[in-house]
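Close look at the chain arrangement
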Amino acid sequence: MTGKIILATIVVLLIGISAASIRIQEAKAAATTVNITLYGSTGGIFHQTPPIGWGFSAATITTPGPTITINQYDYLNLTLYSEDGEHHQFFVDYNNDSTIDPGDPAMPTTFSSSTVGTVWGFNATRSGTFTYRCAIHPSMMYGTLIVVQAVAEFSPFLILPLFIIVTVVASVAYRTKHSTKKMPSIPYLNKTHDAGYDSKNIIEWMKNRETLLIRNFAILKRYNGIRNKGH
Ligand SMILES: [Cu+2]
């Protein structure tokens, strides 16, 4: 019986996980390339020639730069121009510490051309709201990157309560259908109940015997009822 409940629970969980997995696969398949052109500037080498920051065009450079919103698993394809001719380096600062850490999507090299766009991109596998920066001027050149979660993914916090609920429901359902009540013990007409054979106690003895017979009959009847219900 326990085996069946565990099996049922595993099947339900596998179906759920498979469904979630299929949805993630669908989201990945639907991922598109998002083309964004960014102009970066730090206002020249002495930062005295505004604008400073990032912009979708040379004329719209601001601090902070424009918010970029994409969907999870999209490929963000950037074309980058250096408006002030200085070296800049785009990266996504996942932990917001202003430096490129392992795992941060980051350009491998700087770009400095104001006329020829430098193309670089990355797959937005991680969802959330992050800060994008220039690795060389992180406090002056930054903006918000929103990666919208593709699907409601199955988290362990969802799986655990589901597991408990499924187990309890399956257990109760099974127990209701297949009662495991054992046959109650039937008292025997043994010496304890045999009050004795002398004339004084003979009526008492007969009464006890009758009571026990009726009781045993009731127990057997009930047990038979339980058995019939189960099959
Ligand atoms: Cu820079």
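Above this note sits the structure.
Rules used throughout
- Residues numbered from 1 in each chain as written.
- Predicted model: local features only at pLDDT ≥ 70, side-chain atom pairs only at ≥ 80, totals over all residues.
- Helix = DSSP H or I, 4+ residues; strand = E, 2+ residues; numbered from the N terminus.
- Buried ≥ 20, exposed ≤ 12 C-beta atoms within 10 Å, placed from the backbone.
- Contact = placed C-beta atoms within 7 Å.
- Pairing = 2+ DSSP bridges.
- Axes fitted to C-alpha atoms, helices over the stretch in contact; angles between N-to-C directions.
- Core = buried A, V, L, I, M, F, W, Y, C linked by C-beta atoms within 7 Å.

The subject of this paragraph is the overall build of the protein chain. Looking only at helices and strands, the protein chain has 3 helices and 8 strands in total. Walking the protein chain from its N terminus toward its C terminus, one meets helices and strands in the order α-β-β-β-β-β-β-β-β-α-α. Residues classed as buried in the protein chain amount to 19% of the 231 residues present. Taking contacts inside the protein chain between residues at least 6 apart in sequence as the whole, the part at least 24 apart equals 66%.

Along the chain, Pro50 connects to Pro51 via a cis peptide bond; the corresponding omega equals 10°. Tracing the backbone through its elements, the reader meets Pro51 in the loop between strand S1 (33-42) and strand S2 (52-55). Look at the link from Thr63 to Pro64: it is a cis peptide, with omega at -5°. Its place among the elements puts Pro64 in the loop between S2 and strand S3 (68-71). For Tyr73, which is not glycine, the phi torsion reads 80° and is therefore positive. Mapped onto the elements, Tyr73 comes out in the loop between S3 and strand S4 (75-82). Given 21 C-beta atoms within 10 Å, Tyr73 falls into the buried group.

Our focus in this paragraph is the pairing of S1. Judged from the 8 bridges that link them, S1 and S4 form a sheet pairing that is parallel. Across the sheet, residue Val34 finds its bridge partner in S4, namely Leu76. Note that S1 and S2 share 4 bridges and pair antiparallel. Bridging from a neighbouring strand, Tyr39 pairs with Gly55 of S2.

Further remarks concern the sheet that holds S3. Strand order in this open sheet of 4 strands is S3-S8-S7-S5, and the pairing throughout is mixed. The open sheet has two edge strands, S3 and strand S5 (90-93), and neither has a second partner. Between one strand and the next, the sheet's axes are offset by a mean angle of 30°, whatever the strand orientation.

Another point: the nonpolar core. Leu80, Phe90, Tyr132 and Leu145 are the most contacted members of the largest nonpolar core, which has 23 residues in total. Taken together, the elements giving at least two residues each to this core come down to S1, S4, S5, strand S7 (128-134) and strand S8 (142-148).

Note on sheets: strands pair through backbone hydrogen bonds, and any given pair is parallel or antiparallel. The strand order across the open sheet formed by 4 strands is S2-S1-S4-S6, and the pairing between neighbours is mixed. The open sheet has two edge strands, S2 and strand S6 (118-123), and neither has a second partner. Strand-to-strand twist in this sheet, taken as the mean axis angle between neighbours without regard to direction, amounts to 25°. Two strands pair when backbone bridges link them, and S4 and S6 are joined in this way by 6 bridges, in the antiparallel orientation.

This brings us to the environment of Gly44. Here Gly44 lies in the loop between S1 and S2. Each C-alpha atom of the pair Gly44 and His87 lies 9.9 Å from the other, and the pair is 43 residues apart in sequence.

Treat this as a map of the structure, not an account of what it does.
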